[in-house]
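Residue strings, one per chain:
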Amino acid sequence: MNSIEKEIFEMYINEKIGEMGNKYCGYCKKNSELAGPISFFHVGSNFENDQHKIVFVGKNSWYDKDGFQEDKYSEGCFADTRKVGRDSIIGYGINSPYWRYIRYITEKLYGNINDGVERIAVTNIVKCNTTGEKDDYTDKTPKDIIKNCIDSRIFEKEIEIMKPKHIIFLTGTSSSSYDYDDEIKNYNFNCSQAIDEENKKIDDGKIVWWTRKLCDEDNLKYSILRTSHPQGKHKDIFIKSITDWVKYKKSPSSML
């Protein structure tokens, strides 16, 4: 366990994540279909020293109740999903567009996945879901549980510990149950200034994209990209757009 992972796990325990003693988790645990909470998925061993320091962010996990119990962390009331995350990035775990495209982007930036996996991080905004069935990736989580988890600030505290340079939200415009954009635009991670770029569409409108910069006393702290979920996107365009943004901070209109 590297120092960032250790600090985040200590935060989970101090915040009583997954326990009735945490008022947010206590509220959500009243739902009998709840699966979670889960940890972040991955923080590479070289993430802290990487030039890009990218964290990929999804909405909520697909974890079911059996998976949660199987991976439950011995010292807390949450699942340790680091092995699942690492395996999925490398290509030995979950075979979904979300994980494949994280792998493709990482390979493009770093040349190979074995080196790249040690330089990136992956987490989710929401730590629980109510999918209720294994291998069912449909987002059925009720709005009140999503909002409650966001209000707990656990995701924000993860980011404040990781201190990434680039945050890539693979969340799209909305889900069947919740529109995450307003929440994402409210994240400031203790920065005093936000500079936003207007929404753009590329790949014949299939990829919706906006960026923001978070600054503190005129010092850039975070570059944020909110783009589409990879499902059904043109592979080459999607990967090039994101990797060019990471390397050059170009808007999508200047990439094509």
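Each remark here, short or long, concerns the structure printed above.
Here goes a summary of the coordinates provided. Computed from a predicted structure; not experimentally measured.

Definitions and limits used
Residues numbered from 1 in each chain as written. Predicted model: local features only at pLDDT ≥ 70, side-chain atom pairs only at ≥ 80, totals over all residues. Heavy atoms only, no water. Helix = DSSP H or I, 4+ residues; strand = E, 2+ residues; numbered from the N terminus. Rg over C-alpha atoms; globule rule 2.2 N^0.38 Å. Buried < 20%, exposed > 50% of the residue type's maximum accessible area, 1.4 Å probe, protein only. Axes fitted to C-alpha atoms, helices over the stretch in contact; angles between N-to-C directions. Parallel < 35°, antiparallel > 145°, perpendicular 65-115°, else oblique. Left-handed = near helix turned anticlockwise from the far one by under 90°. Contact = heavy atoms within 4.5 Å. Nonpolar A, V, L, I, M, F, W, Y, C, P; charged D, E, K, R; others polar.

Let us look at the overall build of the protein. Each helix and strand counted, the protein has 10 helices and 8 strands in total. Scaling as 2.2 N^0.38, a compact globule of 256 residues should have a C-alpha radius of gyration of about 18 Å, and the protein matches this with 17 Å. Dimensions of the protein, computed from the C-alpha atoms along their principal axes, are close to 50 × 40 × 35 Å. The buried share of the protein, taken over its 256 residues, is 56%.

What follows deals with the packing of helix H5 (residues 97-110) against helix H10 (residues 235-248). The interhelical angle for the contact between H5 and H10, taken along N-to-C directions, is 50°, at an axis separation of 10 Å. Classified by the angle their axes make, H5 and H10 are oblique. The element H5 and its partner H10 pack so that their crossing is right-handed. Contact with H5, carried on its side by Tyr101, Tyr104, Ile105, Lys108 and Leu109, involves Lys235, Phe238, Ile239, Ile242, Thr243, Val246 and Lys247 of H10 and no other residues of that element. Residues belonging to the contact of H5 with H10 are distributed by class as follows: 8 nonpolar, 1 polar and 3 charged.

By the secondary structure assignment, Trp245 is in helix H10. Overall, Trp245 belongs to the buried group, its relative accessible area being 3%. On a C-alpha basis, the gap between Trp245 and Ile90 in space is 23 Å, while along the polypeptide they are 155 residues apart.

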